[in-house]
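The primary structure of each chain is shown beneath.
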Amino acid sequence: MKIWQKIFLVVLVISILFVNLGIYLVFQLTYNKNIETEQRRGDVDYRVIRRNVQRDMQALQGQDRLTEKAAADLMKLHEADYKKQGIHIRLWKGDRCIYPTEKEKLPYPVQSGKQQITIHGGRGKKELVGISALIGFEDTYYFCISYPLEELNESWNRLYWIYLLISMGVSVILIAALSVMLHFLLRPLGLLTETVSKIQDGDYSRRVKVQGGDELATLGRNINAMAETIEKNIQSLQADNQRKEELVENLAHELKSPLTSIYGYAEYMMKSRVSEEESIQCCSVIMEESGRMKDLCYTLMDLSELRKEEIAYEEIKTKEFLDQIERIVDFRQSCIYENEPVTVIYQNQLKAGQNFYGNRCLLEILMLNLVLNAIRACRQKRKETEDEVSVIVILGCGRVPGEQIEIRVRDNGIGIPKEKLDRLTEPFYRVDAGRSREDGGNGLGLALCRQIAECHHGTISFSSIEGEGTLATVRIKNERRRMQQ
């Protein structure tokens, strides 16, 4: 049985019970008032008739003619006078009835000298009975009258049918009112049930339309919050699964190229007669591809270790740090881009002599990855447009609230599409896979940068406009803790 049916039945039964009880009590009070009225009227009628009967019987007694037959005839005459009123007269001499028949018995014991007026019979069949002992006679006589209370009976019948009609009418109205009211009040509960069923079936985008501020509205808001949380978690899990699949695919792809080269050259050396020069060339390729695989493995190990261990901090001298980055970048450019190096400008916005704290080795890796990526973007733009390009490296903390160090690497290279910015730090993700491989990248540099920033309780973010350049911003806490011994 549904909850609305249970509520409907319970409320209906209780309502009908109390409404009918109230109606019954009103009718019962009215009926009792009518009985009291009839009883008072009967008392008056009985006194009048009894006085007349007693007077006539005393007259017979004074004439010494009071016999049982004379008394019975007298009762018959009086009953004839009141026949139109439906009054019946009975007379007992002692315990024996002398009118109308000897079969009549006293309805109940009569106290001497006391007049008793009572109403007998069931509802709709009431009759008034008045009885008392007649005074002033040698023998004991009991005089009784009775007549049906027709008006009272008719009144009860009317009240009975009115009661039934009102009870039925009220019950019908209650049923209709309860149905409409429960449908209106419990409609949100039905919508909640429907929404929860949809969510259970996997439709996590469903929401409850919340109105009002009652408990059902609160429950609806909680269900919406729960559904939103579940939807976000599901989307996050789906995104994680997709990233894991892409990670495996990219890792397999990264390993496939060097393994294919190694296997191919090794097979060529084994199955063919190669000269010493060709052998050296094949070994060189094998070593180069093996080196790529080694670098890939080491980078993956670094990422894994950074997630597990706490890093050691040290005081880093700002000028020495930037000079070291500049030397490494110049060396890389001289080796790779000997004829067309990209201009790199270094700016120290910290106060004179101000140093900062962190893991020097890791921060050098982070800075070099960002600068070399910026150089690649500038070189690509120069190939396509022949525009002047440059990279600006800024180390400062002036605009950052709190004790934080800010590293900004800005370039005016080819830029990055807006929809790809959020995925830059995913392992093996490349904005342009072909170009990255040409430059020797494996797609793990920015993932490593993000992990290094997080190890320093910091963040890394990117903003870019296609064709105009990219800004990479790293913010880390500048704190003296876990100083390296």
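The sections below set out a description of the structure shown in this document. (Residues numbered from 1 in each chain as written. Predicted model: local features only at pLDDT ≥ 70, side-chain atom pairs only at ≥ 80, totals over all residues. Heavy atoms only, no water.)

A closer look at the overall build of the protein
- Along the backbone of the protein there are nine helices and 12 strands.
- Counting across all 485 residues of the protein, residues that qualify as buried make up 36%.
- When contacts within the protein are restricted to residue pairs at least 6 apart in sequence, those whose partners lie at least 24 apart make up 66%.
- When the accessible area of the protein is evaluated, it comes to approximately 29,900 Å², of which 54% is carbon and sulfur surface. (Helix = DSSP H or I, 4+ residues; strand = E, 2+ residues; numbered from the N terminus. Buried < 20%, exposed > 50% of the residue type's maximum accessible area, 1.4 Å probe, protein only. Contact = heavy atoms within 4.5 Å. Areas by Shrake-Rupley, 256 points an atom, 1.4 Å probe, with all protein chains shown as cover.)

Focus on the packing of helix H7 (residues 360-385) against helix H9 (residues 445-455)
- Close contact between H7 and H9 brings their axes to 9 Å; oriented N to C, the two are set at 140°. Relative to H9, H7 is oriented oblique. The two elements H7 and H9 meet at a crossing, and its hand is left-handed. Contact residues: Leu362, Leu363, Ile365, Leu366, Asn369, Leu370 and Asn373 in H7; Gly445, Leu446, Leu448, Cys449, Ile452 and Ala453 in H9.
- Of the residues contributing to the contact of H7 with H9, the split by class is 10 nonpolar, three polar and no charged. (Axes fitted to C-alpha atoms, helices over the stretch in contact; angles between N-to-C directions. Parallel < 35°, antiparallel > 145°, perpendicular 65-115°, else oblique. Left-handed = near helix turned anticlockwise from the far one by under 90°. Nonpolar A, V, L, I, M, F, W, Y, C, P; charged D, E, K, R; others polar.)

Overview of the pattern of salt bridges
- In total, this model carries 15 salt bridges according to the counting rule given.
- The salt bridge partner of aspartate 56 is arginine 55, with a shortest N-O separation of 3.7 Å.
- What makes aspartate 56 partly exposed here is its relative accessible area of 22%.
- The shortest N-O distance in the salt bridge between lysine 271 and glutamate 267 comes to 2.9 Å. Pair noted here: lysine 271 and glutamate 267 are both in helix H4 (residues 215-271), with a separation of four residues, about one helical turn. (Salt bridge = Lys/Arg side-chain N within 4 Å of Asp/Glu carboxyl O.)

Some thoughts on the packing of aromatic side chains
- The final tally for this structure, using the stated rule, is three aromatic pairs.
- Each ring, one from phenylalanine 137 and one from tyrosine 141, has its centre 5.7 Å from the other, and the planes form 75°; the classification is edge-to-face. (Phe/Tyr/Trp six-rings, centres within 6.5 Å; stacked < 30°, edge-to-face > 60°.)

Re the sheet that holds strand S3 (residues 116-120)
- The antiparallel open sheet is built from five strands, whose spatial order is S2-S1-S5-S4-S3. Each edge of the open sheet carries a strand with a single partner, namely strand S2 (96-99) and S3. Pairwise comparison of adjacent strand axes, ignoring direction, gives a mean angle of 25° for this sheet.
- As judged from the five bridges shared by S3 and strand S4 (residues 127-134), these two strands associate in the antiparallel manner. Bridge pairing links isoleucine 117 to glycine 130 in S4.
- Where helix H2 (residues 68-81) meets the sheet, it contacts strand S1 (88-93), S2 and strand S5 (141-148), and its direction lies at approximately 55° from that of S2. (Pairing = 2+ DSSP bridges.)

Overview of unusual backbone geometry
- A cis amide bond links tyrosine 99 to the next residue, proline 100, at an omega of 5°.
- Structurally, proline 100 is set in the loop between S2 and S3.
- Backbone geometry places aspartate 64, a non-glycine residue, at a positive phi of 55°.
- With respect to the helices and strands, the residue aspartate 64 is situated in the loop between helix H1 (3-62) and H2.
- For histidine 457, which is not glycine, the phi torsion reads 55° and is therefore positive.
- Turning to its location among the elements, histidine 457 is positioned in the loop between H9 and strand S11 (459-465).

Observations regarding the side chain of threonine 425
- Among the structural elements, threonine 425 can be located in the loop between strand S10 (404-411) and helix H8 (433-438).
- Excluding residues that lie within four positions of it along the chain, threonine 425 makes contacts with Leu446, Ala447, Arg450, Ile460 and Phe462.

Examining the packing of helix H6 (residues 318-336) against H7
- Look at H6 against H7: their axes get within 10 Å of each other, and the N-to-C directions meet at 45°. Judged on the interaxial angle alone, H7 and H6 are oblique. Two packed elements cross with a definite hand, and for H6 against H7 that hand is right-handed. The segment H6 lies against H7, with Glu320, Phe321, Leu322, Gln324, Ile325, Ile328, Val329, Arg332 and Gln333 engaging Arg360, Leu363, Glu364, Met367, Leu368, Val371, Leu372 and Ile375.
- Residues belonging to the contact of H6 with H7 are distributed by class as follows: 11 nonpolar, two polar and four charged.

What to know about the nonpolar core
- In this structure, Leu370 and Ile375 are the most contacted members of the largest nonpolar core, which totals 43 residues.
- Elements with a contribution of two residues or more to this core: H6, strand S7 (343-348), strand S8 (356-358), H7, S10, H9, S11 and strand S12 (469-477).
- Among the elements that take part in this core, H7 stands out by supplying 11 residues, more than any other.
- Contact partners of isoleucine 375, with chain neighbours within four places excluded, come to Val329, Gln333, Tyr337, Val342, Val344 and Val391.
- Core analysis: the second largest hydrophobic core is formed by 34 residues, Tyr31, Leu91, Ile98 and Tyr147 among them. (Core = buried A, V, L, I, M, F, W, Y, C linked by side-chain atoms within 4.5 Å.)

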